[in-house]
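Listed below, chain by chain, are the residues.
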Amino acid sequence: MKKQTIYYHFTSATLRDGKPIPAIGKWLTFEGTPIPCKCGLHASLDPFDALQYARGNMLHQVYLSGTIVSHGSPINKFSAQKRKIVATIDDAEPILRLFARRVALDVIHLWDAPPIVKDYLETGDESKRTAAAAAAGDASWAAAGTAAGTAARAASWAAAGDAAGDAAGTAAGDAARAASWADKRALYRCWFNETVVAVFAAQKAAQ
């Protein structure tokens, strides 16, 4: 029996059209021809690509079936006629915050980060997040004219901000552009994918 391909897909508490998230193991069907970004049931081959399209904190491992159409060059998502959830992380926000902090720390040498910012990024102490966000914003505006300052400000705001999904995406994108885009993007992809796969594996082992 051929092993089915695992894809990844982020959702909020409901589907895009407001309908409930299907139960694990239940096929969701789209009647029509799937067109990426327009219609169909979407998912990506790895978590990092799925993150770029995240609309919420729920992260699912899914199967796709029927007609499957790829999108992007390189390919970063698919639209299909059928999608079935096989495992779910109900709240991926801790993963997103961890990733955002790790990315921000990767570029922290590019600017003179206040101690509170360094402390928050290194420890993840949520009691210090608001103060870290304020300090990062105030200190970084002075360096806004430089590539390093811009990247550092974006990464630090991202790591300390409230929207975890946007945080991870912004930190990964802006920090990567400030350094070597291809190398940094590949590194951040690896970090995020490894973390997500490990969490799903631990969840499965605990069942």
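Preceding this paragraph is the structure being described.
Trainee: For the layout of surface pockets, give the residues involved together with the corresponding values.
Mentor: In this approach the atoms are scanned with a rolling probe the size of a water molecule, which exposes any empty space left behind. Reported here for the largest pocket is a volume of approximately 740 Å³. In this structure, the largest pocket is lined by 32 residues; those nearest its centre are His9, Arg16, Gly40, Leu41 and Arg83. Per-element tally for the lining of the largest pocket: the top contributor is strand β1 (residues 7-11), with four residues. Within the lining of the largest pocket, the residues separate by chemical class into 16 nonpolar, eight polar and eight charged. Of the voids in this model, the second largest pocket is the one considered here, and its volume is about 320 Å³. When contributions to the lining of the second largest pocket are tallied by element, the ones reaching two or more residues are β4 (58-71), β5 (77-89) and α7 (181-206). Ranked by residue count, the leading element in the lining of the second largest pocket is α7, at five residues.

Trainee: For the pattern of salt bridges, give the residues involved together with the corresponding values.
Mentor: Taken as a whole, this structure holds five salt bridges when the rule is applied. Among the salt bridges present, the one from glutamate 93 reaches arginine 97, with a minimum N-O distance of 2.9 Å. Here glutamate 93 pairs with arginine 97, and both are found in helix α2 (residues 93-106), just four residues apart, close to one helical turn. Accessibility expressed as a relative area gives 22% for glutamate 93, which makes it partly exposed. With a relative accessible area of 10%, arginine 97 lands in the buried category.

Conventions and cut-offs
Each chain carries its own residue numbering, running from 1 in the direction its sequence is written. pLDDT decides what is reported in this predicted model: residues at 70 or higher carry local features, side-chain atom pairs at 80 or more are listed and counted, and totals for whole chains, interfaces and linings draw on all residues regardless. Hydrogen atoms and water are omitted, and side-chain values are computed over all heavy atoms in the structure. Here a cavity is any set of points on a 1 Å grid over the protein atoms alone where a 1.4 Å probe fits but cannot get out, and a pocket is any open set with protein on both sides within 12 Å along at least 5 of 7 lines; a residue lines the site when it has an atom within 4 Å of a point. Grid points are joined across faces, edges and corners, and a volume is the space filled by probe spheres set on the points. Runs of E in the DSSP output that reach at least two residues are strands. Runs of H or I that reach at least four are helices, and both are numbered from the N terminus. Three categories are distinguished: nonpolar for Ala, Val, Leu, Ile, Met, Phe, Trp, Tyr, Cys and Pro, charged for Asp, Glu, Lys and Arg, and polar for the others, with Gly belonging to the last. A pairing counts as a salt bridge when a side-chain nitrogen of Lys or Arg comes within 4 Å of a carboxyl oxygen of Asp or Glu. Buried means the residue's accessible area, taken with a 1.4 Å probe over protein chains only, is under 20% of the maximum for its type, while exposed means over 50%, and partly exposed covers the values in between.

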